[in-house]
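# Structure assessment
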Amino acid sequence: MTFKSWWQQFLGSPSPAPPVVEVAPVIPPSLEVARRRCWIPVVGDGDDTIIVSRFGGPPLLPPGAGWPPCGNCGRPLALFVQLASRELPPDAGHPFGEGTLQVFYCLSEEGSCETDAEAYAPFSKAVLVRVLPPGVGAPSPVRGEAFFTGFIVSWTVAEDFPHYGDQEDLGI
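Read on for a plain summary of the structure. This one's a predicted model, so the numbers in the text were calculated from it and none came from an experiment. (Residues numbered from 1 in each chain as written. Predicted model: local features only at pLDDT ≥ 70, side-chain atom pairs only at ≥ 80, totals over all residues. Heavy atoms only, no water.)

Before going further, it helps to spend a moment on the nonpolar core. Formed by 23 residues in total, the largest nonpolar core has its most connected members in Cys70, Val81, Leu83, Cys106 and Ala126. Of all the secondary structure elements, the ones that give two or more residues to this core are strand 4 (78–84) and strand 5 (100–105). Ranked by residue count, the leading element in this core is strand 4, at 5 residues. Not counting residues within four places of it along the chain, the set of residues in contact with Cys70 comprises Arg75, Leu77, Cys106, Cys113, Lys125 and Ala126. (Core = buried A, V, L, I, M, F, W, Y, C linked by side-chain atoms within 4.5 Å. Buried < 20%, exposed > 50% of the residue type's maximum accessible area, 1.4 Å probe, protein only. Helix = DSSP H or I, 4+ residues; strand = E, 2+ residues; numbered from the N terminus. Contact = heavy atoms within 4.5 Å.)

The following block contains the structure:
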């Protein structure tokens, strides 16, 4: 299964947030020290003249900049996610500073970017991660393939714990 097909299956179509079911988790005391707050995006319909944060669709592009190409095959990268720091939950702070974080991913199956360029790995030539300064960029037309488009309309607060594979490294 390619990343694109997995992503489409994962996201499905925009829908309201599912009802929250309260379940009292049993958290081992050793994990309590690693508990942290996280925010889960709620995706829905939106207006790109108002909402910048989104999954897929057209990204903001700096004036005079072209659509970012894949460093492996040269085809246009698809916008995976775009997060405006001003649209993050207030308690989240500004983990990437002020501005707009963008993550692009190559969907080309012709250049084998997902496998040959290890698109899933950090610093892959088939991925671009950047932060645009505040106020820089304008919506652009979609080029090439696109992920499902959904605007991040709100955030749900949740608790997060380290993955079991990371617990040993953390001494938990």
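Okay, the environment of Arg75 next. Here Arg75 is to be found in the loop between strand 3 (60–61) and strand 4. A sequence separation of 51 residues divides Arg75 from Ala126, and the C-alpha atoms of the two residues are 9.6 Å apart. Not counting residues within four places of it along the chain, the set of residues in contact with Arg75 comprises Pro68, Pro69, Cys70, Ser108 and Glu110.

Among the 6 residues of strand 5, 6 are classified as buried, and the element is accordingly described as predominantly covered. A two-sided burial pattern is seen for strand 5, the buried positions comprising Thr100, Gln102 and Phe104 on one face and Leu101, Val103 and Tyr105 on the other.

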